[in-house]
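# Notes for the structure review
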Amino acid sequence: MNTLEATGRQRKLALDCEIDHVFYNDVINGLSATRKNLAPKYFYDTRGSRYFDAICRLPEYYPYRVELRLLHQVAAELNQLLERPLNIIEFGAGSLEKIQPLLSTMECIDSYVPIDISAESLKQACQTLIEKFPGLEILPIAADFTTEVEIPPSDAADFGFFPGSTIGNYTPSDAVDFLRAARQSLGADAYLLIGVDTKKSARLLHRAYNDREGITARFNLNILHRINRELNGDINLHKFEHYAFYNPHRGRIEMHLVSTDEQVCTIGDETIHFNQGESIHTENSYKYTPEEFTALAGNAGWRISREWMADKNLFSVFLLSTGSQASD
Ligand code: AVI
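Let us look at the structure shown here. (Residues numbered from 1 in each chain as written. Predicted model: local features only at pLDDT ≥ 70, side-chain atom pairs only at ≥ 80, totals over all residues. Heavy atoms only, no water.)

## Let's talk about the environment of A33
We apply this condition: The helix count covers DSSP runs of H or I at least four residues long, the strand count covers runs of E at least two residues long, and both are numbered beginning at the N terminus. Working definition: with a 1.4 Å probe on protein chains only, accessible area under 20% of the residue-type maximum means buried, over 50% means exposed, and in between means partly exposed.
Its place among the elements puts A33 in the loop between α2 (21-32) and α3 (46-56). The partly exposed category is assigned to A33, whose relative accessible area is 27%. C-alpha of A33 to C-alpha of Q124: the two residues are 91 residues apart in sequence and 37 Å apart in space.

Right, here's the structure in full:
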């Protein structure tokens, strides 16, 4: 064996250890499909989480602002309604901003379990939260909440929190599966507070996903950047365009990355071919009327306890319950 061979093998082994094989397999399967696709959960590496925070500050991206404002009203009402000690479990907690109106208003909150896929962002966000709420017990979990996550046992009643209309990133049938699984993991006597974006003017929706600064485009393209960085890819980002539109037949925003040329790229050991104009479908963002969401939650076995609607019907928040609560 000569030195060159040995070095090559060592490098490949090192690369093998560093690669996240689940991510790699998902990417290769998605990009080998007839309709190429990537799962939106892969947007959220540290950089992607930062882009998403920047999206939330954009004037066009109304869901963040409108929901946050509504949550102040929700928190005040929940403070009157709920008395039992609560353990809040947030799915996809991100920058930990949405929880703050609840933490500063609801006296019954005992502990808080934020779950997020991006470990580094979660760590930083928890540090800020500890400073703001020094008496609160925080048990962060860095995990993919779309898979089964073990929730630490607590004496307080589990209260799920799923803001941001992340439920819209599932297909309706996957959303039912997620809600059913959440009901099972939260236990018999649980609540789930969930933010849901509503159907509205297609123009307003279109603008929210096609901001003038191009931050959403960068967020979308970052998934390719991440593949290059983490999976040893050579995708030319300049040959892909962000394309997002509202599909009124399906009631969803679709986000794509469209290849501007015929091209071939490699990812690890695999070669992927793109036709000119071929798209990678990266995200759906479903919008629901209150009736549609009520039916969906009902299919997953949840009962609607309360419902809040923002001004101009821009965004909704639902308190779901398992129906077995005696009284609070
Ligand atoms: C996280 N999720 C609910 C956002 C949405 O609106 O679907 C992600 C996003 N994609 C583009 N802009 C924001």
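Read on, since the account is not over.
## Topic: α3
Spelled out, the test is: Here a residue-residue contact requires only that any non-hydrogen atoms of the pair lie within 4.5 Å.
Those residues of α3 not exposed but buried are G48, S49, Y51, A54, I55 and C56. Buried residues belonging to α3 abut α4 (62-81), α6 (119-132) and α9 (215-231).

## Regarding the nonpolar core
Under the convention used in this document: Remark: nonpolar core denotes a set of buried residues (Ala, Val, Leu, Ile, Met, Phe, Trp, Tyr, Cys) joined through side-chain atoms within 4.5 Å.
Grouped together as the largest cluster of nonpolar side chains are 76 residues, with contacts concentrated most on L193, L224 and I267. When residues no more than four places from it in sequence are discounted, the contact partners of L224 are L38, I235, L237, F240, L257 and I280. L192, Y286, A300 and L320 belong to the second largest nonpolar core, which has 30 residues in total.

## A closer look at the site of the ligand
Quick reminder of the rule: Whether a residue is near a molecule or strand depends on its heavy atoms: it is near if one of them lies within 4 Å of it. Distance and chemistry together define a polar contact, namely a pair of N or O atoms within 3.5 Å, with one atom able to donate a hydrogen and the other to accept it when in protein, and with adjacent residues in sequence counting only for side-chain atoms on both sides. Where accessible areas are quoted, they stem from the Shrake-Rupley method and a 1.4 Å probe; at the residue level, only the protein chains shown are allowed to cover. The residue classification treats Ala, Val, Leu, Ile, Met, Phe, Trp, Tyr, Cys and Pro as nonpolar and Asp, Glu, Lys and Arg as charged. All others, Gly included, are polar.
Surveying the vicinity of the ligand reveals 14 residues, the closest of which are Y61, N169, Y209, E283 and S285. Contact between the ligand and Y61: an oxygen atom at 2.5 Å from a side-chain N or O atom of the residue. Between Y209 and the ligand, the recorded distance is 2.5 Å, taken from a side-chain N or O atom to an oxygen atom. In the complex, 97% of the free accessible area of the ligand, which totals 340 Å², lies under the protein chains. For the shell around the ligand, the elements supplying multiple residues, two or more each, are α3, α9 and β11 (279-286). Class assignment of the residues belonging to the shell around the ligand gives a composition of seven nonpolar, six polar and one charged.

## A closer look at the packing of α3 against α9
Helix-helix packing is described using two parameters, namely the angle between the two axes and the distance between the axes. Our working rule: Here, axes are lines fitted to C-alpha atoms. For helices the fit covers the stretch in contact, and angles between N-to-C directions go from 0 to 180 degrees. An angle below 35 degrees is treated as roughly parallel, one above 145 as roughly antiparallel, one from 65 to 115 as roughly perpendicular, and anything else as oblique.
The contact between α3 and α9 brings their axes to 9 Å, and the two run at 175°. It follows that α3 is roughly antiparallel to α9 by the angle criterion. Residue-level contacts link R47, G48, Y51, F52, A54 and I55 of α3 to I215, T216, R218, F219, N222, H225 and R229 of α9.

## A short note on unusual backbone geometry
Trans is the prevailing form of peptide bonds, just as negative phi is the prevailing case for residues other than glycine. In the Ramachandran plot, L96 falls in the positive-phi region, its phi being about 60° despite a non-glycine side chain. Looking at the secondary structure, you find L96 in the loop between β1 (86-91) and α5 (100-105).

## What about the packing of aromatic side chains?
So the rule is basically this: Between the rings of Phe, Tyr and Trp (Trp by its six-membered ring), a pair exists once the centres lie within 6.5 Å; its type follows the angle of the planes, with under 30 degrees stacked, over 60 edge-to-face, and the other angles tilted.
Taken as a whole and assessed by the stated rule, the structure comprises 21 aromatic pairs. A ring pair is formed by F43 and F219, whose centres lie 4.4 Å apart and whose planes are at 35°; its orientation type is tilted. One end of the pair, F43, is in the loop between α2 and α3; the other, F219, is in helix α9, with 176 residues separating them in the sequence. Ring plane angle 80° and centroid distance 6.4 Å describe the contact between F52 and Y61, whose orientation is recorded as edge-to-face.

## Focus on the environment of G92
By secondary structure assignment, the location of G92 is in the loop between β1 and α5. Since its relative accessible area comes to 27%, G92 is described here as partly exposed. Along the primary structure G92 and R35 are separated by 57 residues, whereas in three dimensions their C-alpha atoms are 27 Å apart. In contact with G92, not counting residues within four places along its chain, are I115, D116 and F145.

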